[in-house]
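Residue-level listing of the chains:
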Amino acid sequence: MAYAYLFKYIIIGDTGVGKSCLLLQFTDKRFQPVHDLTIGVEFGARMITIDGKQIKLQIWDTAGQESFRSITRSYYRGAAGALLVYDITRRDTFNHLTTWLEDARQHSNSNMVIMLIGNKSDLESRREVKKEEGEAFAREHGLIFMETSAKTASNVEEAFINTAKEIYEKIQEGVFDINNEDESGELEKGEQELEGHTMSLEF
Ligand SMILES: Nc1nc2c(ncn2[C@@H]2O[C@H](COP(=O)(O)OP(=O)(O)OP(=O)(O)O)[C@@H](O)[C@H]2O)c(=O)[nH]1
Ligand SMILES: [Mg+2]
């Protein structure tokens, strides 16, 4: 299917916060109740429409476990958006955000849009991190913020789509370099279906 833009996303954050479940809910509208620990990296894709334009989201879901950290770092390259996820029922996952943010800033393009996500909003009775704390962290670090539930699907569409809207606005403002793919252009994994007239974000 033809598309006007291809946006690459990376999903990061501690193990067990619900990164893979957010991706599964967004691409397949399903919830996985059992923790299928991600090994290395997983991949998903979906088409969305913004401003009447078809945009393909190519999403890399990384492993939160510390031992995979160096693999994760290699996936920031070329990412236009990042979903930085913590679990509102586990304070430690919120405390680790600074480390994740440092990693992200260091290994990505400075214009990458970062969406902070407080996931598992359905577990209100077990909440350890107030919504206001997430909002404050986001404000302080220039991130967009949403609370989501991969279980009930609350705000999941919005999280992925609002990130794309922000990227799209940056493109309109001329912040990103948009390159036409050509035969000589190196294709990254997952970009094989790029067609002649399509464009993708290059950094
Ligand atoms: N109640 C509830 N549980 C969730 C939610 N999102 C994820 N979970 C559960 O949390 C556990 C971990 O979810 P995953 O998506 O596998 O976590 P992950 O961040 O991908 O973990 P790693 O792959 O190890 O980095 C699973 O048991 C999920 O069912 C949510 O929004 N609400
Ligand atoms: Mg996972």
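Our structure is the block above this text.
Residues numbered from 1 in each chain as written. Chains lettered and ligands numbered in written order. Predicted model: local features only at pLDDT ≥ 70, side-chain atom pairs only at ≥ 80, totals over all residues. Heavy atoms only, no water.

S.K.: So what's going on with the overall build of the chain? Residues and values would help.
M.R.: The helix and strand tally for the chain stands at six helices and eight strands. Taken from N to C terminus, the helices and strands of the chain fall in the order β-α-β-β-α-β-α-α-β-α-β-α-β-β. For the chain, the residues scored as buried account for 47% of the 203 residues in total. Across the chain, contacts joining residues at least 24 apart in sequence account for 72% of those joining residues at least 6 apart. As displayed, the chain has an accessible area near 9,900 Å², and 47% of this comes from carbon and sulfur atoms. (Helix = DSSP H or I, 4+ residues; strand = E, 2+ residues; numbered from the N terminus. Buried < 20%, exposed > 50% of the residue type's maximum accessible area, 1.4 Å probe, protein only. Contact = heavy atoms within 4.5 Å. Areas by Shrake-Rupley, 256 points an atom, 1.4 Å probe, with all protein chains shown as cover.)

S.K.: Tell me about the pairing of strand β1 (residues 5-12), residues and numbers included.
M.R.: For β1, the buried fraction is high: eight of the eight residues fall into the buried class. The side-chain alternation of β1 yields two buried faces, one formed by Y5, F7, Y9 and I11 and the other by L6, K8, I10 and I12. Bridge count for β1 against strand β4 (residues 81-87) is four bridges, and the pairing is parallel. Within the sheet, the bridge partner assigned to I10 lies in β4 and is A82. (Pairing = 2+ DSSP bridges.)

S.K.: Describe the site of ligand 1, and please don't skip the residues or the numbers.
M.R.: Taken together, 24 residues surround ligand 1, and among them T15, K19, Q32, G64 and D122 come closest. At 2.5 Å, a side-chain N or O of T15 approaches an oxygen atom of ligand 1. Note that an oxygen atom of ligand 1 is positioned 3.3 Å from one of the backbone N or O atoms of K151. With three residues, helix α1 (residues 19-28) is the largest single contributor of residues to the shell around ligand 1. (Near = heavy atom within 4 Å. Polar contact = N/O pair within 3.5 Å; in protein donor to acceptor, adjacent residues only side chain to side chain.)

S.K.: Any chance you could break down the sheet that holds β1 for me, citing the residues and the numbers?
M.R.: Overall, mixed pairing links the six strands, which are arranged β2-β3-β1-β4-β5-β6 in an open sheet. In the strand order of this sheet, the two ends are held by β2 (41-50) and β6 (144-147), each with one partner. The sheet shows a mean angle of 25° between the axes of neighbouring strands, taken without regard to direction. For β4 and strand β5 (residues 113-119), the ladder comprises seven bridges, and the chain directions are parallel. (Axes fitted to C-alpha atoms, helices over the stretch in contact; angles between N-to-C directions.)

S.K.: Give me the lowdown on unusual backbone geometry, citing residues and values where you can.
M.R.: Phi is positive for D51, close to 55°, though the residue is something other than glycine. Within the fold, D51 resides in the loop between β2 and β3 (53-62). One non-glycine residue, K120, adopts positive backbone phi at about 75°. Mapping K120 onto the fold places it in the loop between β5 and α5 (131-141).

S.K.: So, the coordination of the magnesium ion (ligand 2): which residues are in play, and what are the values?
M.R.: Within the protein, S20 (OG) and T38 (OG1) serve as the donor atoms for the magnesium ion (ligand 2), at 2.0 to 2.1 Å. Of the two residues, S20 sits in helix α1 while T38 sits in the loop between α1 and β2, which places them 18 residues apart along the sequence. Residue classification places S20 among the partly exposed positions, given a relative accessible area of 24%. T38 sits in the buried class, given a relative accessible area of 8%. (Donors = N, O, S within 2.8 Å, 3.2 Å for Na, K, Ca; no water.)

S.K.: I'd like to hear about the nonpolar core, residue by residue, with values.
M.R.: Among the nonpolar cores identified, the biggest contains 31 residues, and F7, L57 and F160 are the most heavily contacted of them. Counting residues per element, the ones that place at least two in this core are β1, α1, β2, β3, β4, β5 and α6 (156-172). Broken down by element, this core gets its largest block of residues, eight residues, from α6. (Core = buried A, V, L, I, M, F, W, Y, C linked by side-chain atoms within 4.5 Å.)

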